[in-house]
Amino acid sequence: MANKKKKKHPAPAAQPAERRAPADCPVQPPRTAKLMGALCYLNVLILIPACSKWRHDDFVKFHLNQGLVLLALATVCACVGFLPHGSEMGLTLTLDDFKRILTQPLMVIVGTVAHFIIMPLIAVALCAIFHLSGPLAVGVILVGCCPSGTSSNVMSYLSRGDVALDVSIGILSTLCAPFMIPLLMQLLASQYVSVPTQSLFLNAVKVVLFPIALGVICHMIFGKKIEKVTVALPIVSQVAILLIIGVVVAANGPKLFVASSLVAIPVVILHNLCGYSLGFGFSKLMYKIYPKGFRYAQQKAITFEVGMQDSALGATLALTSFATNPLAAVPSTFFSVWHNISGSILSSWWRNHDDKHEIHWDSDNGEKGSAKSTVSAAHPFDADKAAKVAA
């Protein structure tokens, strides 16, 4: 009898892993995510100091101000289009995940609306609190009006959030960006400068919709053949983002490191952290209204989707639509570096917090001890980790 009882215990733990094919998925954090993180820190250690030595006159002489930036962001968006479901984390998803999202479009729409309300309003409030004006205020509001960043998908995965919801909100907010950015900028930033709404719309279409559409079409035509290339695309897109950051630094030169510009650093940090806080608070409120949809995993996804921005798009639009004021691209540049750091810290803390208090990733509202009583499939993060240990 004792032997029979011992055999029964491991069975339930082994079943959840059968829901996915973790052997094909990277383990915490994925190699591509590690390389992307390393490249992100590279711009702080090497790229920014190096580009700051490049004089603005030389920069303009080679006509790289807009051409390189448009090409770089187009590369990023094309890579997103090639990748399954919009990011490398899409490789961890199953069709069942997306069927569940499609049956509950309310969460995706509400999450997207929250993103385009919370972050722009935080930006306006910070501009008032710090008495920002001119290009710097425009830059802060511009990054607040951008869609959610693809890095949020990685952070949601690492924190055991709902990656499918995260990706869906990211895709919808990106598709809405060419329409929402000019509208929001006209409403919120016209008091600082004249907002070129037509230029914002056209540049957003060029560097967002067209490349993504091209990537998706190529993926549909070539199918599995293109999967050989997709392995390298996250790194290619990150290099393109670093190029955009380098362009911003070189375009501003000495102006970047004066007190009037460096005030953007605490503003960007507060912008990001307030986005996380209000995004989480909003999802908690929505849980009270619709508990079936806004559970603990969905709360994590919305937190990252609200707080993390497509800062590369913000920098690109600043350099192209506000070309006479390159300082407007500085907040997006700082945001690009900071939100990856804060997102990594938050996702790691969240995962360790859940382990410490035995909170199940699929619990209703993050109840402590729920891991003891909740029986469901393992989160992709844990399935990947188990597969690595088993191998």
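Predicted model, so just to flag it, every value in this text is computed and none were measured.

Reading the values: the criteria
- Residues numbered from 1 in each chain as written.
- Predicted model: local features only at pLDDT ≥ 70, side-chain atom pairs only at ≥ 80, totals over all residues.
- Heavy atoms only, no water.
- Helix = DSSP H or I, 4+ residues; strand = E, 2+ residues; numbered from the N terminus.
- Buried < 20%, exposed > 50% of the residue type's maximum accessible area, 1.4 Å probe, protein only.
- Contact = heavy atoms within 4.5 Å.
- Phe/Tyr/Trp six-rings, centres within 6.5 Å; stacked < 30°, edge-to-face > 60°.
- Core = buried A, V, L, I, M, F, W, Y, C linked by side-chain atoms within 4.5 Å.
- Patch = residues over 30% accessible without salt bridge, like charges linked within 9 Å, V, L, I, M, F, W, Y side chains within 5 Å.
- Areas by Shrake-Rupley, 256 points an atom, 1.4 Å probe, with all protein chains shown as cover.
- Salt bridge = Lys/Arg side-chain N within 4 Å of Asp/Glu carboxyl O.
- pLDDT = per-residue confidence, 0-100.
- Polar contact = N/O pair within 3.5 Å; in protein donor to acceptor, adjacent residues only side chain to side chain.
- Expected span 1.5 Å × (residues − 1).
- Bend = angle between axes of the 7 residues up to and from the residue.
- Axes fitted to C-alpha atoms, helices over the stretch in contact; angles between N-to-C directions.
- Left-handed = near helix turned anticlockwise from the far one by under 90°.
- Nonpolar A, V, L, I, M, F, W, Y, C, P; charged D, E, K, R; others polar.
- Parallel < 35°, antiparallel > 145°, perpendicular 65-115°, else oblique.

### With respect to the overall build of the protein chain
1) Next: The secondary structure content of the protein chain amounts to 20 helices and zero strands.
2) Next: Looking at the protein chain as a whole, 53% of its 391 residues qualify as buried.
3) Next: A sequence separation of at least 24 residues applies to 83% of the contacts in the protein chain between residues at least 6 apart.

### So, the packing of aromatic side chains
1) Next: By the definition in use, this model includes six aromatic pairs.
2) Next: Summarising the aromatic geometry, the rings of Tyr290 and Phe294 are spaced 6.2 Å apart at their centres and angled 75° between planes, so their arrangement reads as edge-to-face.
3) Next: Of the residues examined, Phe294 reaches a relative accessible area of 0% and is grouped as buried.
4) Next: With a centroid separation of 6.5 Å and 80° between ring planes, the pair formed by Tyr296 and Trp350 is classed as edge-to-face. Taken together, the residues Tyr296 in helix H16 (residues 296-307) and Trp350 in helix H18 (residues 330-356) connect sequence positions 54 residues apart.

### Here's the deal with the nonpolar core
1) Next: In terms of nonpolar packing, the biggest core is built from 56 residues, with Ile141, Ile181, Met185 and Leu313 touching the most fellow members.
2) Next: When residues of this core are traced back to their parent elements, those giving at least two are helix H7 (105-129), helix H8 (134-145), helix H10 (163-188), helix H11 (197-222), helix H15 (264-289), H16, helix H17 (311-321) and H18.
3) Next: Of all the elements, H7 adds the most residues to this core, at 11 residues.
4) Next: Counting residues in each nonpolar core, the second largest holds eight residues, with Met155, Phe304, Leu346 and Trp350 among its members.

### Remarks on a nonpolar patch on the surface
1) Next: Judged by side-chain polarity, Ile109, Val113, Ile117 and Leu121 come together as a nonpolar surface patch covering roughly 350 Å² of accessible area.
2) Next: For Leu121, the location among the structural elements is in helix H7.

### Let's talk about the confidence of the model for the protein chain
1) Next: When pLDDT is averaged along the protein chain, the result is 74; 59% of the residues meet or exceed 70.
2) Next: Between the elements of the protein chain, mean pLDDT differs from a low of 44, seen in helix H2 (residues 10-14), to a high of 95, seen in H15.

### Some words on the side chain of Thr112
1) Next: Residue position: Thr112 is located in helix H7.
2) Next: On the accessibility criterion, Thr112 (4% relative accessible area) is buried.
3) Next: A distance of 2.8 Å separates the side chain of Thr112 from the backbone oxygen of Val108, its partner in a polar contact.

### Side note on H10
1) Next: Taking 1.5 Å as the rise per residue, H10 with 26 residues should run 38 Å; its terminal C-alpha atoms sit only 31 Å apart, a clear shortfall.
2) Next: In the structure, H10 departs most strongly from a straight axis at Ala177, where the bend amounts to approximately 60° and where the proline Pro178 lies between one and four residues downstream.
3) Next: One side-chain oxygen of the residue at the start of H10 lies 3.3 Å from the amide nitrogen of Ala164, identifying that residue as Asp162.

### A look at the packing of H7 against H16
1) Next: Contact geometry of H7 with H16 gives a least axis separation of 9 Å together with a crossing angle of 35°. Seen along the crossing, H7 lies across H16 with a hand that is right-handed. Residue-level contacts link Met107, Ala114, His115, Ile118 and Met119 of H7 to Gln298, Glu305, Val306 and Gly307 of H16.
2) Next: Residues that form the contact of H7 with H16 fall into these classes: five nonpolar, three polar and one charged.

### Comments concerning H16
1) Next: Taking 1.5 Å per residue, 12 residues should reach 16 Å; H16 reaches 17 Å between its end C-alpha atoms and fits that length.
2) Next: A large share of H16 lies buried, amounting to 12 of its 12 residues.
3) Next: By the burial criterion, the buried members of H16 are Tyr296, Ala297, Gln298, Gln299, Lys300, Ala301, Ile302, Thr303, Phe304, Glu305, Val306 and Gly307.

### A closer look at the packing of helix H9 (residues 151-158) against H16
1) Next: Contact pair H9 / H16: the axes reach a minimum separation of 9 Å and the direction vectors enclose 150°. For the element pair H9 / H16, the angle class is roughly antiparallel. The crossing of H9 and H16 is right-handed. Contacts between H9 and H16 involve Ser152, Asn153, Met155 and Ser156 on the former and, on the latter, Ala301, Phe304 and Glu305.

### Remarks on unusual backbone geometry
1) Next: For Arg160, which is not a glycine, the phi torsion comes out positive at approximately 65°.
2) Next: Counting through the fold element by element, Arg160 comes out in the loop between H9 and H10.
3) Next: A positive phi angle, near 55°, is found at Glu358, a position not held by glycine.
4) Next: Residue placement: Glu358 occurs in the loop between H18 and helix H19 (370-373).

### Quick word on the environment of Gly343
1) Next: Mapped onto the elements, Gly343 comes out in helix H18.
2) Next: Spatially, the C-alpha atom of Gly343 lies 9.0 Å from that of Ser156, the residues being 187 residues apart in sequence.
3) Next: For Gly343, the contacting residues outside a window of four places in its chain are Met155, Tyr276 and Phe304.

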